[in-house]
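Spelled out, the chains give:
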Amino acid sequence: MNNTVKFKADFPLLGKPMGNNPLVYLDNGATTQKPLEVIKAITEYYDSFNANPHRGAYELSIKATDIYENARIKTQKFINAKYSHEIIFTKNATESLNLVAYSYGLSHVGAGDEVLIAISEHHSNLVPWQYVCQMKGATLKYIYLEEDHNLSQRDIEEKITEKTKVVAVAQVSNVLGLINPVKEIVARAHEEGAVVVVDGSQSVPHMAVDVQDMDADFFVFSGHKMLSPMGIGVLYGKEKLLNDMPPFLMGGDMIDYVEEQHTDYAPLPAKFEAGTQNVGGAAGLSAAIDYLNRVGFEYIEKQEKELTEYAISRMKEMDYIELYGCDSSRDNKTGIVTFNVKDVHPHDVSTIMDAHGVAIRAGHHCAQPLMIYLKQNATCRASFYFYNSKEDVDKFIEALSKVRGVLGLGA
Amino acid sequence: MELDSIYTELISEHSRSTEHKHHLECPNMSLKGRNPSCGDEITLELQVEDGYIKDASFVGIGCAISQASTSIMIDLIKGESVAKARHLANLFLRMIKREELTEDEEEELDEAFALKNISNMPARVKCAVLSWHTLEEAFKEAEGIQ
Ligand SMILES: Cc1ncc(COP(=O)(O)O)c(C=O)c1O
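The structure displayed is predicted, hence computed values, not measured ones. Sequence order as written defines residue numbering, which begins from 1 separately in each chain. Chain labels run from A onward and ligand labels from 1 onward, assigned in the order the entries are written. Thresholds applied to this predicted model are a pLDDT of at least 70 for local features of residues and 80 or more for the giving and counting of side-chain atom pairs; totals over whole chains, interfaces and linings are not thresholded and use all residues. Water and hydrogen atoms were dropped before computing side-chain values, which therefore reflect all heavy atoms in the structure.

## Observations concerning the side chain of Thr43 of chain B
Residues and elements named next belong to chain B.
And step 1. We count a stretch as a helix when DSSP gives it H or I for four or more residues in a row; a strand needs E for two or more, and each element gets its number in order from the N terminus. If you trace the backbone, Thr43 turns up in strand β2 (residues 40–49).
And step 2. The buried label goes to any residue with under 20% of its type's maximum accessible area, the exposed label to any with over 50%, and the partly exposed label to all in between, with areas taken from a 1.4 Å probe on protein chains only. Look at Thr43 and you get buried, because its relative accessible area is 17%.
And step 3. What makes two residues a contact is simply this: any of their non-hydrogen atoms within 4.5 Å. Setting aside chain neighbours within four positions, we find Thr43 in contact with Ser30, Leu31, Lys32, Ser57, Phe58 and Val59.

Pasting the structure below:
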């Protein structure tokens, strides 16, 4: 049995038909499918161990606490954080970014300061910084793109100045699919005393990440884009920064002592985890990390690279396809292929592909400023994961070749 | 889902048609309609005199369904009274909401009736109703001003 057949068999949904066709799932950038092992871990938590962690001195509550805290340790090792209390569980990458913007941003960015982000950021790493800048009278600046859609080297060098307080960039853009030079950006920002927030939503699922090596100050990602359930996300922050930050959400579990007029906050990580947390989600995340470690990032990267190169080469044979972020000169392409079909709106492309069982994304991909920059109203996106096969790409190409015909346009 | 029940010849033809896709020389009503999630964006222009739509056109970008629906709508309302246009918009929106229409009502919708199958595609309903909603909004706004 070849590898992808073997992996696909682990994912119940990948074996289900879409209408009359087998499902070809190519929207992994939006969310990935879940292996049975992860689904079972969540079910097992609810049918055998459910209790409110940290709140009861009885066995079940202790077990639930263990599951939750073990997930934290597993996550720490997964991204190589120094301490497990530097891992804060959130709902998703968006909440993690909001936590940083509200807690760190609003207390460290002032009038006349600057926040620097890339034009290719997802709205989740853009709108919160716009808000911080508006509230504080600071300026939001952008790193624009080179011809080949990589981040402008010149902007990285020139736009980080002593005025810059925060640099927030994705390690991989969810539209362009190019790996950004985050380590270099961090080094440059640290020279000027700025902190760097790295959005790892599209990198962590696909490549080995080491937050200490990268030296990121904050690093965020969502579980659901890496085989885990929806509703569990991660914020990594350097201990010292997290300790000095005010809490974001307040209430139960994030306190040590509460008096009528005063509260002592709990130490990390509890300080940033107010209220009952998503323990079932953490159990799923933990199982997902085990699964990914077993597959191994070496394999994941190799498989995705092969699929992507194959897809791009087939698409380049179709002269009515326009590609974005697919001509990087730096060997830094990941499994995200963004494109348009000449004279066809992305939503029609996606509807027609859907009729062939091929699920892709169409729209602005939560990156409207990038769409405006690329002068596109919207785009289509196919995004691969290690369980996709060459046959999936063939079916995708076959469906794509039918699009213009359905609308009565020439091939 | 059967593609040819959605992208019928009539709909693809209308989606490519440029007959109504231009600015009017002297519109006295103009309203923008947007579907932020898809990126459909149209501006509807009307020249209304004495309660009649003397002329109508649109500009903008969108998918085949939103473009076809707009083109068909303009065909239907041009030369009609405002009251009739509003009545047609009401019928169209009811059809897309899968409410039962009488045979006469279906006939009134004429070519717009070809968009009925979109009501089975929740992801595309917004595209089909964009121009009709914009038309309704334009009249509502005008009412408010008077
Ligand atoms: C680069 C990037 N950042 C942030 C997000 C937001 O993720 P979530 O919606 O899980 O918070 C996404 C995914 O949609 C993404 O691709």
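## Here we look at the sheet that holds strand β3 (residues 52–61) of chain B
Residues and elements named next belong to chain B.
And step 1. Across the sheet, three strands lie side by side as β1-β2-β3; this open sheet has antiparallel pairing. One side of each edge strand has no neighbouring strand; the edge strands of this open sheet are β1 (29–35) and β3. Taken pair by pair, the neighbouring strands of this sheet meet at an average axis angle of 20°, ignoring direction.
And step 2. A pair of strands counts as paired when DSSP detects no fewer than two bridges linking them. Pairing of β2 with β3, which is carried by nine bridges, proceeds in the antiparallel orientation. Bridge pairing links Glu45 to Ser57 in β3. Angles run from 0 to 180 degrees between N-to-C directions of axes, and those axes are lines fitted to C-alpha atoms, restricted for helices to the stretch in contact.

## Quick notes on a negative patch on the surface
Residue and element names in this part refer to chain B.
And step 1. Patch criteria: residues need more than 30% relative accessible area and no salt bridge. Like-charged residues are merged within 9 Å; nonpolar side chains of Val, Leu, Ile, Met, Phe, Trp and Tyr are merged within 5 Å. Using the Shrake-Rupley algorithm and a 1.4 Å probe, accessible areas are obtained, with residue cover drawn only from the displayed protein chains. Whenever a carboxyl oxygen of Asp or Glu lies within 4 Å of a side-chain nitrogen of Lys or Arg, that contact is scored as a salt bridge. Positive charges are assigned to Lys and Arg, negative charges to Asp and Glu, while His and the chain termini are left out of the count. Charged groups are reduced to one reference atom each: NZ for lysine, CZ for arginine, CG for aspartic acid, CD for glutamic acid. A surface patch of negative charge is lined by Glu19, Asp75, Glu103, Asp104, Glu107, Asp110 and Glu111.
And step 2. When residues of the negative patch are assigned to their parent elements, the largest contribution, three residues, is made by helix α4 (residues 103–109).
And step 3. Looking at the secondary structure, you find Glu107 in helix α4.
And step 4. Using a relative accessible area of 63% as the deciding quantity, one classes Glu107 as exposed.

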